[in-house]
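Coordinate inspection notes
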Amino acid sequence: MNDEVLQRIQQVYGVENWSAGYFDISSKGHILVRPGKDDPRYVDLKELVDDLLSKHKLQMPLLIRFPQLLTSQLRALSGAYQSAISQYGFSGLHYPVFPMKVNPRREVVEEFLRESGRLRVGLECGSKAELYAAIAQEQTPESLLLCNGFKDEVFVRTALLGVQAGKRVTIIVEKLNELKMVIKLAGQLGVAPWIGLRAKLYSRGSGKWASSGGDSAKFGLTTSELLDCVRLLRETKLDGQLKLLHFHIGSQITDIKRVKNAMKEAARVYAKLRQIGCGIEFLDIGGGLGVDYDGSQTRFESSVNYTVQEFANDVVYVIKQVCDEENVPHPNLVTESGRFMTAYHTVFITSIRDEIETFAEDKPEITIDADDPQVITELKDLCDGINGKNYAEYYHDALEHKDELHTQFNLGLISLEDRAKGEVLFWEACARALKESEEDKFPDDEFESLKKILAQKYLCNFSLFRSAPDSWAIKQLFPIVPIHRLNENPSDFATLVDVTCDSDGKIDKFVDLKDVKETLELHKWKVGDDYYLGIFLVGAYQEVMGSHHNLFGNPNEAQVVIDSDGRYHVTKLVHGSRINDMLVFARYDRAQLVESYRKQVTARVEAGALSKETAAQLVVEYEAGALRGTYLE
Ligand SMILES: *Cc1c(COP(=O)(O)O)cnc(C)c1O
């Protein structure tokens, strides 16, 4: 590949900045996915997608899951803690726990538990449904099964089923009343779980989830409640079950300083509890280990200013220091990092279907007739006269003329043809002004916005609300890159819109090293071209938080594994939602719908508007339609 093109492609999409060694660009200009960091083996993503579409007959959009990336991230996490533990002479062990709310899919949970024996991987649940799935999983006896969140009696009874099955089920108490209930049920059933206490820290995280910590946090026990719990456990002789101290200061902590502060506070709480005789053996530091979505390595919301090794080093070092100072044993360290372990493992693929017109491109030149209204002749003069010196002034004039055009139209003074002509001229003037501004060293900010307005709007076959909801809900950035043609210079600027009827269903913020881009560089595209975009790092939270807005359901899904020879295997295909699935979701009944439709066409037959045969065909077609996919075919 031409070096200059490659350089520009790297600069535009920043793949090496956010890829963490898993994604790369081939000399053919295709995106490659590696099963491990800098692993020599890879899948050519474009070839894989072609295969899924032709050989496996899947349709766009596609969710592709690479379970090997889960294991690789787990090993990266575990390795970072192992190395910090040995570097600082820490005597506790690391217990990685996977918080199910981040991605509760069976494929994900089972993949992590495969490593359970080697790395002591456990699970964390925050609801009865998660717990129900978790207690039946095979996990190594040494690993933990943590119960967080608000609990009722059924939750606690389910947890006790897990204790009876020999699991280290730990109920993490969020409220004093919860502890009372646990004690009561344990007494009735004669089984006691391990108990953890969730502390409310004064320290906060940073970024979007800063309010998960601090005084007003939703979860956790205040200092006096912590002491009440300890007292209550002693009174009921269950203090031997108190094994763990937990806290969680929020997800995607962007600033490492916050981590250190929280660790200092938490380690101190642990040490003081040890000193008053609590036999706590595990310190659970929660999640918060972030993902560098934009690759900028900064404190920006979609980034983090640390590596996993730095995070682990700070955690281990600070906790060791405090424990040594307070003369208490080092605890085992439990981490609940979900985002870090799962974000990389899925890639979402969508295709460009069409273009939304803002202004008329490639329209024949407008000619002025003698009887054209003045506003149009003036717009034409403006358009023809724009140059490097006057472009800003002329652009402002054009804006005024456009207002005038619409005022006159609303007053009934000009025709629909006039209005059309005026609009074409206005956009032409904008395009020319923008072009001149690009030659200018210091163009005004308004031309940056104009660039966005004039950018192509591509209609992509997916629902943002289903497949990348955080892009809408919290303005989180995900890297988006065409998975092919990366050996050509991308010469267009675009924003993306999805197929929902929601004007929020759009992406107009893109990752950039220094800033947030408002348009994405893409290649020239015309109707009929296959052009596939990958949305990367969507493995955490997106699948489970996605909604059925507009009744677009799940996309088609493929699970792909790369073998030791570097060949890939599609190990699982899951068909996306069909129309009928979405009808059931919205509580329709297909048989009843068909019957109702049949009644209506029968009435038309009786009225002589349809033949019997046509009516019968229509019903067949209507009925069969329920089995089609929900996205554009
Ligand atoms: C959500 C959550 C996590 C996961 O946090 P990440 O930042 O995704 O790692 C861990 N622990 C608790 C208690 C949570 O609520």
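A quick note: this is a predicted structure, and the numbers were derived from the prediction, not measured.

Regarding the overall build of the protein
- Within the protein one finds 23 helices and 23 strands.
- Projected onto the principal axes, the alpha-carbon positions of the protein cover approximately 100 × 75 × 55 Å.
- Counting over 633 residues, the protein shows a buried share of 53%.
- A separation of at least 24 residues holds for 74% of the contacts in the protein among residues at least 6 apart in sequence.
- Carbon and sulfur atoms make up 49% of the accessible area of the protein, which amounts to about 28800 Å² in all.
- Positive and negative charge centroids in the protein, built from 75 and 94 side chains respectively, lie 9 Å apart.

A word on the domain arrangement of the protein
- Considered domain by domain, the protein is made up of domain 1 (1-62 + 341-353 + 457-576), domain 2 (67-290 + 312-340), domain 3 (374-451) and domain 4 (592-625).
- Once you take the C-alpha centre of each, domain 1 and domain 4 turn out to be 42 Å apart.

Observations regarding the packing of helix H11 (residues 256-275) against helix H12 (residues 308-326)
- It is the contact of H11 with H12, at a shortest axis distance of 9 Å, that shows an interaxial angle of 30 degrees. In this structure, H11 crosses over H12, and the sense of that crossing is right-handed. From H11, Ile256, Val259, Lys260, Met263, Lys264, Ala267, Arg268, Tyr270, Ala271, Lys272 and Gln275 reach across to H12, where they touch Glu310, Phe311, Asp314, Val315, Val318, Ile319, Val322, Cys323, Glu325 and Glu326.
- Split into classes, the residues belonging to the contact of H11 with H12 amount to twelve nonpolar, one polar and eight charged.

Here's the deal with the sheet that holds strand S5 (residues 94-99)
- Reading around the circumference, S5-S6-S7-S8-S9-S10-S11-S12 is the order of the eight strands in this closed barrel, with parallel pairing throughout. The average undirected angle you get between the axes of adjacent strands in this sheet is 25 degrees.
- Strand direction decides the pairing type here: S5 and strand S6 (residues 122-125), joined by three bridges, are parallel. Directly across from Phe98, in S6, lies its bridge partner Leu123.
- The strands touched by helix H7 (residues 128-135) within the sheet are S6 and strand S7 (144-147), with S6 carrying the most contacts at an inclination of about 160 degrees.

A word on the pairing of strand S21 (residues 532-535)
- Alternating positions in S21 separate into two faces, Tyr532 and Gly534 on one and Leu533 and Ile535 on the other, with burial throughout.
- Judged from the four bridges that link them, strand S13 (residues 346-356) and S21 form a sheet pairing that is antiparallel. Looking at the pairing, Thr350 lines up with Leu533 of S21.
- In this sheet, S21 lies alongside strand S15 (residues 480-482) in antiparallel orientation, the contact comprising three bridges. Paired with Val481 across the two strands is Gly534, which belongs to S21.

A look at the packing of aromatic side chains
- The final tally for this structure, using the stated rule, is 19 aromatic pairs.
- Clustering of aromatic rings is evident, with ring pairs tying together Trp18, Phe23 and Phe536.
- In this structure, Arg419 is placed above the aromatic ring of Phe409, and the distance from its NZ or CZ to the ring centre is 4.7 Å.
- Positioned above the aromatic ring of Phe493 is the side chain of Lys451, whose terminal nitrogen or guanidinium carbon lies 4.3 Å from the ring centre.

Considerations on the sheet that holds strand S2 (residues 31-33)
- Pairing is antiparallel in the open sheet, where three strands are placed in the order S1-S2-S3. Two strands bound the open sheet, and with one partner strand each, they are strand S1 (23-25) and strand S3 (43-44).
- As judged from the three bridges shared by S1 and S2, these two strands associate in the antiparallel manner. When the sheet's bridge partners are listed, Phe23 is paired in S2 with Val33.

A word on the nonpolar core
- Residues Phe23 and Leu45 are the most contacted members of the largest nonpolar core, which totals 145 residues.
- In this structure, this core is formed jointly by two domains, domain 1 (1-62 + 341-353 + 457-576) and domain 2 (67-290 + 312-340), each of which donates at least three residues.
- Here Phe23 is in contact with Val15, Trp18, Leu32, Val33, Leu69, Tyr344, Val347, Phe536 and Leu537, once residues within four sequence places are set aside.

Description of the state of the cysteines
- The final tally for this structure, using the stated rule, is zero disulfides.
- You can see Cys125 has no disulfide; the closest cysteine sulfur is in Cys147, sitting 5.1 Å from it.
- Overall, Cys125 belongs to the buried group, its relative accessible area being 0%.

Remarks on the side chain of Glu107
- Among the secondary structure elements, Glu107 is positioned in helix H5 (residues 106-114).
- Engagement of the side chain of Glu107 in a polar contact is seen with the side chain of Lys572, the distance being 2.9 Å.
- Not counting residues up to four positions away in its chain, the partners in contact with Glu107 are Arg65, Gln559 and Lys572.

Quick look at the pattern of salt bridges
- One pass over the structure, following the stated rule, counts 42 salt bridges.
- Asp508 is the salt-bridge partner of Lys452, the closest N and O atoms lying 3.4 Å from each other. Placement of the pair is Lys452 in helix H17 (residues 446-454) and Asp508 in the loop between strand S17 (506-507) and strand S18 (510-511), with a sequence separation of 56 residues.
- A residue is classified by how much of its surface remains accessible, and Lys452, at 23% relative accessible area, is partly exposed.
- The class of Asp508 is buried, set by a relative accessible area of 15%.
- The salt bridge involving Lys517 is made with Glu521; its shortest N-O contact spans 3.0 Å.

Observations concerning unusual backbone geometry
- With an omega of -10 degrees, the peptide bond running from Met60 to Pro61 counts as cis.
- Mapping Pro61 onto the fold places it in the loop between helix H3 (45-54) and strand S4 (62-65).
- Here Ala20, not a glycine, exhibits a phi torsion of approximately 50 degrees, which is positive.
- Note that Ala20 resides in the loop between helix H2 (15-18) and S1.
- On the accessibility criterion, Ala20 (27% relative accessible area) is partly exposed.
- Phi is positive for Lys57, which is not a glycine, with a value near 60 degrees.

Reading the values: rules and limits
- Residues numbered from 1 in each chain as written.
- Predicted model: local features only at pLDDT ≥ 70, side-chain atom pairs only at ≥ 80, totals over all residues.
- Heavy atoms only, no water.
- Helix = DSSP H or I, 4+ residues; strand = E, 2+ residues; numbered from the N terminus.
- Buried < 20%, exposed > 50% of the residue type's maximum accessible area, 1.4 Å probe, protein only.
- Contact = heavy atoms within 4.5 Å.
- Areas by Shrake-Rupley, 256 points an atom, 1.4 Å probe, with all protein chains shown as cover.
- Lys, Arg positive; Asp, Glu negative; His and termini not counted.
- Charge placed at Lys NZ, Arg CZ, Asp CG, Glu CD.
- Domains from an automatic or database assignment.
- Axes fitted to C-alpha atoms, helices over the stretch in contact; angles between N-to-C directions.
- Left-handed = near helix turned anticlockwise from the far one by under 90°.
- Nonpolar A, V, L, I, M, F, W, Y, C, P; charged D, E, K, R; others polar.
- Pairing = 2+ DSSP bridges.
- Phe/Tyr/Trp six-rings, centres within 6.5 Å; stacked < 30°, edge-to-face > 60°.
- Lys NZ or Arg CZ within 6 Å of the ring centre and 35° of its normal.
- Core = buried A, V, L, I, M, F, W, Y, C linked by side-chain atoms within 4.5 Å.
- Disulfide = S-S within 2.5 Å.
- Polar contact = N/O pair within 3.5 Å; in protein donor to acceptor, adjacent residues only side chain to side chain.
- Salt bridge = Lys/Arg side-chain N within 4 Å of Asp/Glu carboxyl O.

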